[in-house]
Each structure stands twice: as structure tokens, then as C-alpha cells.
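Breakdown of the fold
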Amino acid sequence: KLRQVASGCVLDEMGEVVDVHSTKMDAVREIVESSGDNCLIVYQFKAEVDRLKAIWPNMPVLGGGTSAKDAQAAMKAWNRGEVPVMALHTMSASHGLNLQAGGRRLIWMSLTYSQEAHEQVNARLARQGQARTVYVHYVTASGTIDEKIARSLASKKQQQIKLMDAID
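Each residue is numbered by its place in its chain's sequence as written, counting from 1. Local features in a predicted model are, by the rule used here, given only for residues with pLDDT of at least 70; side-chain atom pairs are given and counted only at 80 or more, and totals for whole chains, interfaces and linings are based on all residues. Based on all heavy atoms of the structure, the side-chain values leave hydrogens and waters out of the count.

A closer look at the overall build of the protein chain
Selection criterion: The helix and strand labels rest on DSSP assignments: H or I over at least four residues marks a helix, E over at least two residues marks a strand, and numbering proceeds from the N terminus. It is over C-alpha atoms that the radius of gyration is taken, and the globule rule equals 2.2 Å times the number of residues to the power 0.38. Residue exposure (1.4 Å probe, protein chains only): buried if accessible area is under 20% of the type maximum, exposed if over 50%, otherwise partly exposed. Contacts: residue pairs with any heavy atoms within 4.5 Å of one another. To be clear on the numbers: accessible area is Shrake-Rupley with a 1.4 Å probe, and residue cover counts the displayed protein chains and nothing else. All tallies of charge rest on Lys and Arg as positive and Asp and Glu as negative; His and the ends of each chain are not included. To locate a charge, take NZ of a lysine, CZ of an arginine, CG of an aspartate or CD of a glutamate.
Scanning the protein chain from N- to C-terminus turns up six helices and seven strands. Going from the N terminus to the C terminus, the protein chain shows its helices and strands as α-β-β-α-β-α-β-α-β-β-α-β-α. Expected size for 168 residues packed as a compact globule is a radius of gyration near 15 Å; at 16 Å, the protein chain falls within 12% of this value. Taking the principal axes of the C-alpha coordinates as reference, the protein chain spans close to 50 × 35 × 30 Å. For the protein chain, the residues scored as buried account for 44% of the 168 residues in total. Look at the contacts in the protein chain between residues 6 or more apart in sequence, and 70% of them connect residues 24 or more apart. Carbon and sulfur atoms make up 53% of the accessible area of the protein chain, which amounts to about 9,200 Å² in all. Looking at the protein chain, you have 20 positive and 18 negative side-chain charges, and the mean spots of the two groups are 5 Å apart.

Thoughts on the packing of aromatic side chains
Convention followed: Pairs were defined over the aromatic rings of Phe, Tyr and Trp, the Trp ring being its six-membered one, requiring ring centres within 6.5 Å. Orientation was assigned from the angle between planes: stacked under 30 degrees, edge-to-face over 60, tilted for the rest.
According to the stated counting rule, one finds one aromatic pair in the structure shown. Between Trp 108 and Tyr 138 the ring centres are 6.4 Å apart and the planes differ by 10°, which places this aromatic pair in the stacked class. One end of the pair, Trp 108, is in strand S6 (residues 105-108); the other, Tyr 138, is in strand S7 (residues 135-138), and 30 residues separate them in sequence.

Description of the sheet that holds strand S5 (residues 85-89)
Inclusion rule: We call two strands paired when DSSP finds no fewer than two bridges between them.
Taken in spatial order, the five strands line up as S4-S5-S3-S6-S7 in an open sheet, and their pairing is parallel. Each end of this open sheet is capped by a strand with a single partner; those strands are strand S4 (61-62) and S7. Note that strand S3 (residues 39-43) and S6 share four bridges and pair parallel. In the strand pairing of S6, Ile 41 is matched with Ile 107.

Some points on the side chain of Asn 122
With respect to the helices, strands and loops of the structure, Asn 122 is situated in helix H5 (residues 115-122). In this structure, Asn 122 is in contact with Leu 106, Trp 108, Val 136 and Tyr 138, ignoring residues within four places of it in sequence.

Some words on the nonpolar core
Basically, it comes down to this: The term nonpolar core refers to a set of buried residues drawn from Ala, Val, Leu, Ile, Met, Phe, Trp, Tyr and Cys, joined through side-chain atoms within 4.5 Å.
Grouped together as the largest cluster of nonpolar side chains are 24 residues, with contacts concentrated most on Leu 40, Leu 62, Met 86 and Leu 99. Listed by contribution, the elements that provide at least two residues to this core are S3, helix H4 (68-79), S5, S6 and helix H6 (145-167). No other element matches H4, which puts five residues into this core. If we skip the residues at most four places from it in the chain, Met 86 touches Cys 39, Leu 40, Ile 41, Met 59, Pro 60, Leu 62, Ala 74, Trp 78 and Leu 99. One finds Met 25, Val 49, Met 109 and Val 139 within the second-largest nonpolar core, a separate group that totals 17 residues.

A short note on a nonpolar patch on the surface
Test applied: Candidate patch residues must exceed 30% relative accessible area and have no salt bridge, after which like charges are joined if within 9 Å and Val, Leu, Ile, Met, Phe, Trp or Tyr side chains if within 5 Å. Whenever Lys or Arg places a side-chain nitrogen within 4 Å of a carboxyl oxygen from Asp or Glu, that contact is recorded as a salt bridge.
Taken together, the side chains of Leu 163, Met 164 and Ile 167 define a hydrophobic patch exposed on the protein surface, amounting to about 320 Å² of accessible area. With respect to the secondary-structure elements, Met 164 resides in helix H6. Residue Met 164 is classed as partly exposed on the basis of its relative accessible area of 45%.

Description of the confidence of the model for the protein chain
Spelled out, the test is: Per residue, pLDDT captures the predictor's confidence, and it can take any value from 0 to 100.
Considering every residue of the protein chain, the mean pLDDT works out to 92; 99% of them sit at 70 or more. For the protein chain, the element scoring lowest by mean pLDDT is H6, at 88; S6 scores highest, at 97.

Focus on the pairing of S6
Within a regular beta strand, the side chains point alternately toward one face of the sheet and then the other, so they alternate between its two faces. For clarity, the threshold we go by: The path from the first strand over the helix to the second decides the hand: if it runs clockwise while the strands point away from the viewer, the crossover is right-handed.
Side chains Arg 105 and Ile 107 of S6 all project onto a buried face; the interleaved residues Leu 106 and Trp 108 project onto the opposite face, where all are buried too. Relative to S7, S6 runs parallel, the two being bridged by four bridges. Across the sheet, the residue bridging to Trp 108 is Tyr 138, located in S7. Chirality of the crossover, the property in question, places the unit of S6, H5 and S7 among those that are right-handed.

As C-alpha cells, then:
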């Protein structure tokens, strides 16, 4: 629930979405509109996608409920530069998913606790074949669980680096 609150909406006991705030949504919208680039938005909750779709109704989504056919069509359109905004769930950012041709901006609307998933998502744009500088934006709510997750990811990254150094 803490992650949902930080995201801006929670599910109540009946499974209905209750809006808490629009701060993150406003920040995401500002990044997209001011960047002039195609943007890949990383989400964790379906309610986030619904809120994003209210702003960008034609936005493709790579996540739960997206058919393989629709996902392939969305990725091809993205890589042709035809998709200004696309949403991506961390669990849909599998190894080998090539999105580097379609954009260079990645916006983390809500973080994952998984360091591997975090790195894999970032590697969808920052990978071989990317011709431009990649920007990764983290939209976090101050004083919330977002900060704890960000610290956890940073710590896991440092532990991973130490492990790799020890193996060398």
C-alpha cells in the first residue's frame, strides 16, 4: 500500500482505485512534454497505466494483458520512432528486448526492489546500437517508500560491484 500511495492512487477494500495525489503523474507529464523525445515510462501498477492512458489515450503498453501480437506491433512502431510515449512494466522488460532505436528517455514512475529488473529495464534503451545519450529519470515521492527503494537499489548495486571486484 505504501508504494501505491507514493504512486498516487491506492486500491480500496473493494478493489476500486482511490486517487491520493497527482504529483508523480504531473512530473511524468512535464518530463515527456519538455523533453521533445520519445519516452518509455516504467510502471508497477495497473492504476498507473490507467492514469497515463487518460493523458495519452493511444499509448501502447508492454505489460500484463498485452498480447504478444500487440506487443510486437508496439515495439516495431516504437523502434521506427512512431510512438512518442510507451509504458513498460518491469516484468515485461525481459532480456533481449530491443527498444534502443525508438527513443533515449526512460522514466521510472515507480521503482522495483529488484536490482536485476532495474538494470534490465535500463538496458532496453542503453544498449549496443543506441546512437544517442540515454537519460534515465526517477520520479520519486519525497519522504515515502520510494526513497527506501532507491536506497535499496543503490546498496544492491554497490554489493554487486564489490562481488564482481572480488571475483576478478
